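A structural walkthrough
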Amino acid sequence: MNFSRLIKNCSIPSRWLLANNIRYQSSSAAQNLIQVDINEETGVSVVSLNRKPVNSLSLELFKDFCGVMDDLEREKVRGMVLKSSCDNVFSSGLDITELYPNPSEERFEAFWLWFQESWLKLYASSFPTVAFVNGHAPAGGCVFAISCEYRLMLPYYKIGLNEAPVGIVATEWVMNSLRAVLPGKNAERLLTSGRLLDTQEAFDIGLIDQIVNNEEEAMARSEEFFATFDNVPKLARALTKQVYRKNDLNQLIKNRSSDAKQFLNHILRPETQKIIGSYFKSLKDRKKD
Ligand SMILES: CCCCCCCC/C=C\C=C\CC(=O)SCCNC(=O)CCNC(=O)[C@H](O)C(C)(C)COP(=O)(O)OP(=O)(O)OC[C@H]1O[C@@H](n2cnc3c(N)ncnc32)[C@H](O)[C@@H]1OP(=O)(O)O
């Protein structure tokens, strides 16, 4: 096998960024949308999503996430634990205000390309990744979790891909990441019903790997997971992961701009806008009850 060609083909950031003429520039240092804590002794980095109140995923958050992933690649961390610093919510998914009402084409295109970019960097990262789902993880929140290699979750929260009930059709690369975690029929049912599973149900069907009771336990389990790779050369591990995930990655890499256009057309359809609008209103009204 030609390793140098393989490495070039797997080169994560530059090729994909240049293809789309977008470059990382920290958008929100003052807002501190993502907190990173690297443990010098263990080499493990804890990355906390920090967009209060519910970590809804905005253009700025995606840009910062990509910057953090680039930094961690440069630092050659031993592993990453992705968690939330919001109470009770890992991430509430895409920021609905990026989708409704009728987003501008320019903003939406940038938003979608950075969402794709975040997924590519997470899904193909050279270091091992753990999602510590320490709160609800609907839709885009679940996408972040299933793109990691291992999932730990606190009890009594909900996780799933509820795009269909919100009037959105999950794109193929999202479906592929779910299929990589769950056997076919469970993945399809989860997608078509849009049902959110509680922690125990998610564990029972294999959507998450372990239930943990607190952060301390989560860090201990993560450490055990990272330790399983201690005797594996880093490059061999990284390339094995990237080659294993290559079909899923290529499906998006080859279709980035059509994926963005399709989603924009879908989002701008009056029927879709109406469904998202009433869903968003119901979220707001829930509070008044
Ligand atoms: C051909 C077509 C191709 C199509 C390709 C499609 C590819 C699709 C891939 C991924 C798609 C992902 C879609 C999404 O991610 S859409 C977002 C879906 N998210 C949800 O359904 C979750 C909604 N939120 C909740 O259920 C709850 O907020 C919860 C996370 C459980 C937290 O509950 P709680 O702690 O009670 O907090 P509140 O509900 O009171 O929320 C606090 C305020 O935050 C606002 N909020 C919540 N979620 C969002 C969001 N996602 N975006 C924007 N704003 C959000 C909420 O309204 C509250 O606001 P306020 O205080 O003003 O009332």
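Residues numbered from 1 in each chain as written. Predicted model: local features only at pLDDT ≥ 70, side-chain atom pairs only at ≥ 80, totals over all residues. Heavy atoms only, no water.

1. Side note on the sheet that holds strand β1 (residues 34–38)
- Spatial strand order, β1-β2-β3-β4-β6-β9: 6 strands in an open sheet with mixed pairing. Lying at the two open borders of the sheet, with one neighbouring strand each, are β1 and β9 (210–211).
- Each of β2 (44–49), β3 (79–84), β4 (129–133), β6 (150–153) and β9 touches helix α9 (residues 215–227); the most contacted strand, β4, lies at about 160° to it. (Pairing = 2+ DSSP bridges. Helix = DSSP H or I, 4+ residues; strand = E, 2+ residues; numbered from the N terminus. Contact = heavy atoms within 4.5 Å. Axes fitted to C-alpha atoms, helices over the stretch in contact; angles between N-to-C directions.)

2. As for the state of the cysteines
- A complete count under the given rule lists 0 disulfides for this structure.
- A disulfide-free cysteine, Cys66 has its sulfur positioned 14 Å from the sulfur of Cys148, the nearest such atom.
- Classification of Cys66 as buried rests on a relative accessible area of 0%.
- Judged by relative accessible area, Cys148 falls into the buried class, the value being 1%. (Disulfide = S-S within 2.5 Å. Buried < 20%, exposed > 50% of the residue type's maximum accessible area, 1.4 Å probe, protein only.)

3. Looking at the side chain of Ser84
- Tracing the chain through its elements places Ser84 in strand β3.
- Within the structure, the side chain of Ser84 is placed 3.0 Å from the side chain of Asn55, a separation counted as a polar contact.
- One polar contact links the side chain of Ser84 to the main-chain carbonyl oxygen of Val89, over a distance of 2.6 Å. (Polar contact = N/O pair within 3.5 Å; in protein donor to acceptor, adjacent residues only side chain to side chain.)

4. Comments concerning the packing of aromatic side chains
- Inspection of the entire model under this criterion finds 17 aromatic pairs.
- Consider the rings of Phe62 and Phe115, whose centres lie 5.0 Å apart with planes at 20°: the pair is stacked. One end of the pair, Phe62, is in helix α3 (residues 59–75); the other, Phe115, is in helix α4 (residues 105–123), with 53 residues separating them in the sequence.
- Here Phe62 falls in the buried class, since its relative accessible area comes to 0%.
- Sitting over the ring of Phe229, Arg237 keeps its end group 4.4 Å from the ring centre.
- The aromatic ring of Tyr123 is capped on one face by Arg245, whose charged end is 4.3 Å from the ring centroid. (Phe/Tyr/Trp six-rings, centres within 6.5 Å; stacked < 30°, edge-to-face > 60°. Lys NZ or Arg CZ within 6 Å of the ring centre and 35° of its normal.)

5. A look at the sheet that holds strand β8 (residues 197–198)
- With respect to topology, 3 strands assemble into an open sheet ordered β5-β7-β8, the strand pairing being mixed. Edge positions in the sheet fall to β5 (137–138) and β8, since each of these pairs with one other strand and no more.
- Examined bridge by bridge, strand β7 (residues 158–160) and β8 share 2 bridges and lie antiparallel to one another. Across the sheet, the residue bridging to Lys158 is Asp198, located in β8.

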